[in-house]
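Each chain is listed here by its residues.
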Amino acid sequence: MPAADAPASTTRDAAATAQPAAVATGAGPAASPGPAAPSRPATDVTGTTPTPATDFPVTDAASAPGTDAYPATAGEWRPQPDASPEPAPTADAAPQPTAQASATTTTDPFPVSADAPAPVAETDTPAGSGSGSGEISGADSSPGPEPTAAAETTQPAAETKPVAEAPTPATDAQAPDQDTDSPADAHTGEVPDTESADGSTASAETAPVAGTPATDEQRQDTTAPEPDDDDSNENGDQNGDGDGDGDGDQNGDGDGDEAPIDPEQWLAAYRPRLDPETLRESAADPAELSGIRDRLSDKIDAALDNRSRARLLSLRAVVSRLAGDLDRALDDGQLALTHAQATGELRRIAIAQARLAHVLRCRGDFAEADRLYAEANSPELPDRLRAALHEQMARSCYDQDRYIEACVHFERALDLRRTHDRDLLARTEAALDGVFARVAARGWGPYARSRDEVLQKPVLPVPHFDAGLGRWGYADATGELVIDSRYAEAQPFREDVAWVRNPDARCWELIDRSGAVLIGADAGFREAQAFSDELAWVRRADEAQWLAVDRTGAPAGPAGFDDVRPFRRGVAVVRKGRWGAVNSAGELVLAPSFDGFATALTDGRYLDGFTDEGLAVVDAGGRKGVVHRDGRMLVRPAHPAVVIHPVAFLIGDGRGRWGALDRRGDLLLEVVHGSRATVLERIDRLLADTEPLL
């Protein structure tokens, strides 16, 4: 066994540096006749009275409150009609795309999509949040009236299956949903009502007052508040009951004596208790959650789209879990994930997976819970959400007596948030106390698993060269030969299949893990790329262009390209004269009009194509822009450098100065900063530390 103090020393030291006065486990709200707004802990880790969590209130005096992160619920990729005028660019600033075409220009070779609706990011903004969610994208989507809840409904209607959704144009009747964080827009000063990628902002006029519950638009990407896409309080309906009068039953007892609390707002301010010995959450008074569940059920009954149902069902799963009803929580969590997957949105799916995983962990299904946590934790997610996922994974490992692995995940969570999250530091210190107490009695347990082990991926054979025969075969993880060394060339296995070439053949054939031939050499594929998304690019001996085939060798998509890249989430980058993109159905989603794709991410990675989120940086004449995989132009190619951030786009002027755009392409930070790191810090200061509710 490893030494008892080695695996977690770094983690424990990092947590101890905060020296919190009290662990912010957060007692639940006091019992009342109904679900009144919960109170915050009396003191936070610094010993001061905490301000309720807000979704990215502007903390930089120079930065006006702003817009929401990509993508908007129904926003168009253009400035809002009432937006403040663009400031005059400085002489050395990078050129910015303008909203108006030149008088002599009749067409724009790279128009920013104005008619195509913006896809929805994972934002959840509660009802009653006022004028906007503070997300950076989606210019013209303000909240609309909330659907009327079914009278006295305590049980949800029969669940519907996910529906195929077509994007809808931006309207003023649609409100954002939360679950993401987004910095304020320092340029426009607007607080649009759209979805953000990592949270939301709050303007000075809507900044929360100490002692008041946080609103949904003031929650981050992993918080509970996630209102219906139709809810709006701008139209006078402060209680979310749809009658527009602002009255209602705040305590949930049905007597109509006070304005009701929106369940998502209530959950935004709620803090479950954390048991320091079991590291499990519980409600101080489970009975008070019944009214919240009923109100969520009313909203679910009125929600018809996949986004709203995914958000609300997963929140109801959280409430049921805290109330101890794990069967209901499991049903809601599984259905929420189905709806989330139907949207195809990365962060929305990750949040649904995390909430379902928490339920499974409480039920003792650790293998599936850990698999969901690992699958959800994409490097393209905001750091706040990733840190929350690592913390939850650490607690799951704690339940399994995997203390080395638990410490690894606690440390990764701290690395992602560093000193920005005092509550996380306090919780981690308390958790490590529990870890070391158990280690003293039980030992450290097994070594940490690899990600592939957690994801339960099969161990694929690897190419093995026999120097004596001069031939390739395949060996398993122990080095034992599982496919004889008989091939002149052998590619690695991908998606359970591999391309090989026999010594007496000039063309490739496809085999499975047993060595059985799926596509013979007689298919005539002189060149073959590995399978990805169930498709592979091949080129025949008598043809100069590439085509896509399935595992039978049949053409299964686009063809006739000079150069290609692997499919990624249903889209592949291709060249036909110039570079564009096609989907797996063979449809051209991006016309071949660019010099190349050069997608840079803030974590240092470069992708030759689209991100999991569906974004790509394109090059046109040395200038960079951003496109979406559905073909929309988000940022015109006008910048010497563009880097994709989870909630924004970093832009450089080519002379060492950097700024940022929001997810609509509007200016967020002027291009005056001396490094990318400075811009990242500025964006982070625009975001408020909030507590995820997974």
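Refer to the structure above for everything that follows.
In this convention, every chain numbers its residues from 1, walking through the sequence in written order. Local features in a predicted model are, by the rule used here, given only for residues with pLDDT of at least 70; side-chain atom pairs are given and counted only at 80 or more, and totals for whole chains, interfaces and linings are based on all residues. The side-chain figures draw on all heavy atoms in the structure; neither hydrogens nor water molecules are used.

Caption draft 1: Representation of the overall build of the protein chain in the model. Secondary structure assignment for the protein chain yields 12 helices and 27 strands. Buried means the residue's accessible area, taken with a 1.4 Å probe over protein chains only, is under 20% of the maximum for its type, while exposed means over 50%, and partly exposed covers the values in between. Burial status across the protein chain gives 55% buried among its 694 residues. The Shrake-Rupley method, run with a 1.4 Å probe sphere, supplies the accessible areas, and residue values consider only the shown protein chains as cover. Within the structure as shown, the protein chain displays about 26,700 Å² of accessible surface, and the carbon and sulfur contribution to it stands at 50%. Counting from the N terminus, the helices are DSSP H or I runs at least four residues long and the strands are E runs at least two residues long.

Caption draft 2: Fine view of helix α7 (residues 366–376). Along α7, the residues that are buried comprise A369, D370, R371, L372, Y373, A374 and A376. On the buried face of α7, the contacting elements are α5 (326–343), α6 (346–363), α8 (383–399) and α11 (451–454). Whether two residues are in contact is decided by their heavy atoms, any of which lying within 4.5 Å being enough.

Caption draft 3: Summary view of helix α4 (residues 306–323). Expected helix span is computed as 1.5 Å times (number of residues minus one). Taking 1.5 Å per residue as the helical rise, α4 with its 18 residues ought to reach 26 Å, and the 25 Å between its terminal C-alpha atoms agrees with that figure. In terms of burial, α4 is largely enclosed, as 17 of its 18 residues are buried. The term polar contact refers here to a pair of N or O atoms within 3.5 Å; inside protein, the definition further demands a hydrogen-donor-capable atom paired with an acceptor-capable atom, and it admits residues adjacent in sequence only when both atoms are side-chain atoms. Between the side-chain oxygen of the N-cap and the backbone nitrogen of R307 there are 3.3 Å, and the N-cap of α4 in question is D305. Directly beyond the C-terminal end of α4, a positive phi value near 90° is found at G324.

Caption draft 4: Geometry of the nonpolar core. Buried residues of nine kinds, namely Ala, Val, Leu, Ile, Met, Phe, Trp, Tyr and Cys, make up a nonpolar core once their side-chain atoms join them within 4.5 Å. Ranked by size, the top nonpolar core spans 42 residues in total, and within it L389, F410, V435 and W444 carry the most contacts. Only α5, α6, α7, α8, α9 (403–417) and α10 (422–442) provide two or more residues apiece to this core. Counting residues per element, this core draws most heavily on α6, at 10 residues. By size, the runner-up hydrophobic cluster in this structure holds 19 residues, among which are W266, A303, L312 and V319.

Caption draft 5: Spatial organisation of the packing of aromatic side chains. Think of it this way: a Phe, Tyr or Trp ring, Trp meaning its six-membered ring, pairs with another when their centres are within 6.5 Å, and the plane angle makes it stacked under 30 degrees, edge-to-face over 60, tilted otherwise. Using the criterion set out here, one finds 11 aromatic pairs in the structure. With 6.1 Å between their ring centres and 80° between their planes, W499 and F525 make a pair best called edge-to-face. Of this pair, W499 sits in strand β7 (residues 497–501) while F525 sits in strand β10 (residues 525–528), placing them 26 residues apart in sequence. Like F525, W499 is buried. Aromatic pair W537 and F561: ring centres 6.0 Å apart, planes at 90°, arrangement edge-to-face. Of the two residues, W537 sits in strand β11 (residues 536–540) while F561 sits in strand β13 (residues 555–561), which places them 24 residues apart along the sequence. A relative accessible area of 1% places W537 in the buried class.

Caption draft 6: Representation of unusual backbone geometry. Even without glycine at this site, Q456 takes up a positive phi of about 60°. Mapped onto the secondary structure, Q456 falls in the loop between α11 and β3 (462–466). According to the relative accessible area criterion, Q456 is partly exposed, its value standing at 47%. Of note in the backbone geometry, E495 takes a positive phi value of approximately 55° without being a glycine. With respect to the element layout, E495 can be found in the loop between β6 (489–490) and β7. Residue E495 is classed as partly exposed on the basis of its relative accessible area, which comes to 29%.

Caption draft 7: Highlighting the side chain of R501. Looking at the element boundaries, R501 is found in strand β7. Take R501: its relative accessible area is 17%, and that puts it in the buried class. Within polar-contact distance, the side chain of R501 engages the side chain of E489 at 2.7 Å. When sequence neighbours within four positions are dropped, the list of residues in contact with R501 reads Y487, A488, E489, R506, C507 and W508.

Caption draft 8: Molecular detail of the environment of A376. With respect to the element layout, A376 can be found in helix α7. The class of A376 is buried, set by a relative accessible area of 2%. Along the chain, A376 and A352 lie 24 residues apart, while their C-alpha atoms are 8.8 Å from each other. When sequence neighbours within four positions are dropped, the list of residues in contact with A376 reads A350, Q353, L381 and L389.

Caption draft 9: Region of interest: the sheet that holds strand β25 (residues 649–652). Pairing within the open sheet is antiparallel, and its four strands lie in the order β24-β25-β26-β27. Edge positions in the open sheet fall to β24 (641–644) and β27 (667–673), since each of these has one partner strand only. Taken pair by pair, the neighbouring strands of this sheet meet at an average axis angle of 20°, ignoring direction. Pairing between two strands requires that DSSP report at least two bridges joining them. Only C-alpha atoms enter the line fits that serve as axes; for helices the fit covers just the stretch in contact. Angles between N-to-C directions range over 0 to 180 degrees.

Caption draft 10: Spotlight on the sheet that holds strand β4 (residues 471–475). One open sheet accounts for three strands, arranged β3-β4-β5; its pairing is antiparallel. With one partner strand each, in any of the chains shown, β3 and β5 (481–487) form the two edges of the open sheet. Pairs of neighbouring strands in the sheet enclose a mean axial angle of 30°, with direction left out of account. Where β4 and β5 come together, three bridges link them in antiparallel fashion. Residue pairing for β5: Y474 is matched across the bridge by I483.

Caption draft 11: Quick look at the pairing of β13. Bridge count for strand β12 (residues 546–549) against β13 is three bridges, and the pairing is antiparallel. The residue of β13 that forms the bridge with W546 is F561. Connecting β12 to the next strand, β13, in antiparallel fashion are five residues, including G553 with a positive phi near 90°.

Caption draft 12: Region of interest: the pattern of salt bridges. Here, a salt bridge means any Lys or Arg side-chain nitrogen found within 4 Å of an Asp or Glu carboxyl oxygen. Applying the stated criterion across every chain, the model contains 45 salt bridges. One salt bridge connects R348 with E345, and the closest N-O pair in it is separated by 2.8 Å. R348 gets classed as buried once you look at its relative accessible area, which sits at 3%. The partner of R501 in a salt bridge is E489, with the nearest N and O atoms 2.7 Å apart. With a gap of 12 residues between them, R501 in strand β7 and E489 in strand β6 connect regions that are remote in the sequence. For E489, a relative accessible area of 34% gives the class partly exposed.

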